[in-house]
Amino acid sequence: MSNPALLVLYGSQTGTAQDTAQRLARQAQRRRLRVRVMPLDDYNVANLITESLVVFVCSTTGQGDPPDNMKNFWRFLFKKSLPAGSLSQLDCAILGLGDSSYPKFNFVAKKLHKRLLQLGACVLLPVGLADDQHDLGADAVIDPWFASFWGKVSTLYPTLSGMMPLREDEPLPPTYTFHFLDDMQEKEEVQLRIPMDQTVPSQSHPFPARMVFNRRVTEPSHFQDVRHIELDVTGSNIEFAAGDVVMMRPCNAPEDVQQFCQLLKLDPETRFTLSPTDNTAVPARLPQPCTVRHLVESYLDIAAVPRRSFFELLSTFATNELEREKLAEFSSAAGQDELHNYCNRPRRTMLEVLADFPHTTAELKVDYLLDLFPEIQPRSFSIASSLRAHPNRIQVLVAVVCYKTKLYKPRKGLCSSWLASLDPAQGDVYVPLWVKKGSLKFPSDKETPVIMVGPGTGVAPFRSVLQERTAEGRTANVLFFGCRSKSKDFYFRTEWEEMMEAGFLTLFTAFSRDQEAKVYVQHRVRDNGELLWDLIANKNACFYIAGNAKQMPASVCDALKEAFQQAGGVSAEEAEQMLATMEKTGRFQSETWS
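About the cut-offs
- Per-chain numbering applies: the sequence of each chain, read as written, is numbered from 1 onward.
- Local features are withheld for residues below a pLDDT of 70 in this predicted model, meaning they are given only at 70 or higher, and side-chain atom pairs are given and counted only at 80 or more; totals for whole chains, interfaces and linings count all residues.
- Hydrogens and water molecules were not included; the side-chain quantities draw on all heavy atoms of the structure.
- UniProt positions are given in the numbering used here, feature names are shortened, and annotations may be inferred rather than shown by experiment.
- Here the aromatic set is Phe, Tyr and Trp, taking the six-membered ring for Trp, and pairing holds for ring centres within 6.5 Å; pairs whose planes are under 30 degrees apart are stacked, those over 60 apart are edge-to-face, and all others are tilted.
- Either the NZ atom of lysine or the CZ atom of arginine qualifies as a charge over a ring when it sits within 6 Å of the ring centre and within 35 degrees of the ring normal.
- Pairing between strands is defined by DSSP: at least two bridges between the two strands are required.
- Only runs of H or I of at least four residues qualify as helices and only runs of E of at least two qualify as strands under DSSP, and these elements are numbered from the N terminus.
- Convention adopted: a line fitted to C-alpha atoms gives each axis, helices being fitted over their contacting stretch, and angles between N-to-C directions are expressed from 0 to 180 degrees.
- Throughout, a residue-residue contact means that at least one pair of heavy atoms, one from each residue, lies within 4.5 Å.

As recorded in an unreviewed UniProt entry, the protein goes by the name NADPH-dependent diflavin oxidoreductase 1, listed as coming from Maylandia zebra. The heading Subunit (unreviewed entry) in the UniProt record of the protein holds the text "Interacts with CIAPIN1; as part of the cytosolic iron-sulfur (Fe-S) protein assembly (CIA) machinery. Interacts with DCPS."

Caption draft 1: Broad picture of the packing of aromatic side chains. Going through the model one piece at a time under the given rule, you end up with 24 aromatic pairs. Considering the side-chain rings of phenylalanine 492 and tryptophan 496, the 6.0 Å spacing of their centres and the 80° angle between planes classify their relative orientation as edge-to-face. An aromatic cluster is built from Phe260, Phe310, Phe311, Phe330, Tyr342, Phe357 and Phe373, whose rings are joined through pairwise contacts. One Lys or Arg, lysine 104, reaches over the ring of phenylalanine 107 and ends 5.2 Å from the middle of that ring. A cation over an aromatic ring shows up here: arginine 463 above the ring of phenylalanine 492, its NZ or CZ 4.3 Å from the ring centre.

Caption draft 2: Region of the structure containing the sheet that holds strand β17 (residues 430-436). With respect to topology, 6 strands assemble into an open sheet ordered β13-β10-β17-β8-β9-β14, the strand pairing being antiparallel. The two strands at the open ends of the sheet, each matched to only one other strand, are β13 (379-382) and β14 (393-399). Between one strand axis and the next, the sheet turns by 40° as a mean value, whatever way the strands run. Looking at chain direction, strand β10 (residues 245-248) and β13 are connected through 4 bridges and run antiparallel. Each bridged residue has a counterpart across the sheet, and for valine 246 the counterpart in β13 is phenylalanine 381. The strands touched by helix α13 (residues 414-421) are β8 (207-216), β9 (226-232), β10, β13, β14 and β17; relative to β13, the strand with the most contacts, the crossing angle is about 70°.

Caption draft 3: The UniProt feature "domain: Flavodoxin-like" (unreviewed entry) in the protein, seen in detail. Here, UniProt's "domain: Flavodoxin-like" (unreviewed entry) annotation points to residues 6-150. The distance from the first to the last C-alpha atom of residues 6-150 is 12 Å, and the span holds 32% helix and 23% strand.

Structure below.
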């Protein structure tokens, strides 16, 4: 049997599944296999019947949903018209990346595994279920799974064992080659152009929205800086409903861009073009030609915490003995605890790692930049406004991420810090964005009551739906809002009071630090069991939770089940069953983030 061509297909939302797929592809290259790696939606799924060996690497997003870049593939694969044995020629394997703190842990990988078996594919080994919650992260599952996969492949294709693999410290060819242009050529500014055609903005064609205002909505003395931001989307063709999200791709901080260029001895104003070393397409988001500044500021994720693959690639450039040993340790399975202590726990960035390994950084070849640094990923924010109340506008509520670790410099969230730094008072500021359907779906029936639990910035999607429902004259709206203090972080207080006065809202608040005993939203849910039972059991109300995924959602669910038992007189089992039925029928929904 001749050696196979390996196809690695991934569905990735935050870049982790893409990174894992690329790691596997590099291992294949070292084994001298022909390999292609691409997002599932870039692959013509009709060709799957002609493939001999495919690995699927898939993450799970939201409430058990497939990532955006595999949604078309997902729809096709689950067509009822596909014949049962259509993939009988296919040898494949599935690796799932998930987080066991979410109820639908690795749901996409499990469902894909089941569907491929139905279509007759030969699945070579048990589906891998990597878990972010493991002490050593996803690698605790990925490493042994990779080893099992290569074991199976060498059994299937015995000729592979006779081939001499490339050494781990030998650099593979770069994906792209940089061609620097003569300085004398006229320089062009990379500008955000407002599209003149009638297309709806998307990830590949974002709309540059003008920032109207950027206001801090927490007291200056409060530890948390939270911003209420408004963006003008006039002429964009953007439409959205309550529960939808806006996507934005942030830029790196100017001081980080400057430090990066100094470390790699790059002139930020130099222009270059890229050419692929094989049949890979040049990234569509990079203009040709492009300046080094634009590449580093808008594309390379230099402020991210590096993954293990970063150290694997970096180690191939090391000539300094001490640095090479350390990088080899961080790249090895045995060194993962050490790597977590160095990188993940203190949240050390890629830029900081380069500064810690100066000899290796000096050896870095510019052609490898796009292999070494992932692309900056888009961030999503719940839309906090309705087009009914604010035509041609999108408003968001953004908590600016900033915290201390053992490192001297505070850690900052890339997108929230970038947004907070933009000041429309200093001149026009534009934020490239597009809108995506959210996971929360609100009832179309005017009479259906809506109960919302949204502590902190979790209240954002509920402000959007309340503005919509108020405009439509719907009054059966109940909101549970929680924060630390009535005087410091009570978002949209005036608006809620106006809605209450007009008879459009019943509001329950929990200010956790305003009294001796801490009070949270779950306590208010428990206190108002009679009302909730009446709305849910007698009036078919829908119940929504949005906010931080730590303890809050589970505590609110427990309080709700307790309310069912106390006010409705049902047993614990019946309360559990009621909640499960509500979830199945879309009457209980949650949107949480960690």
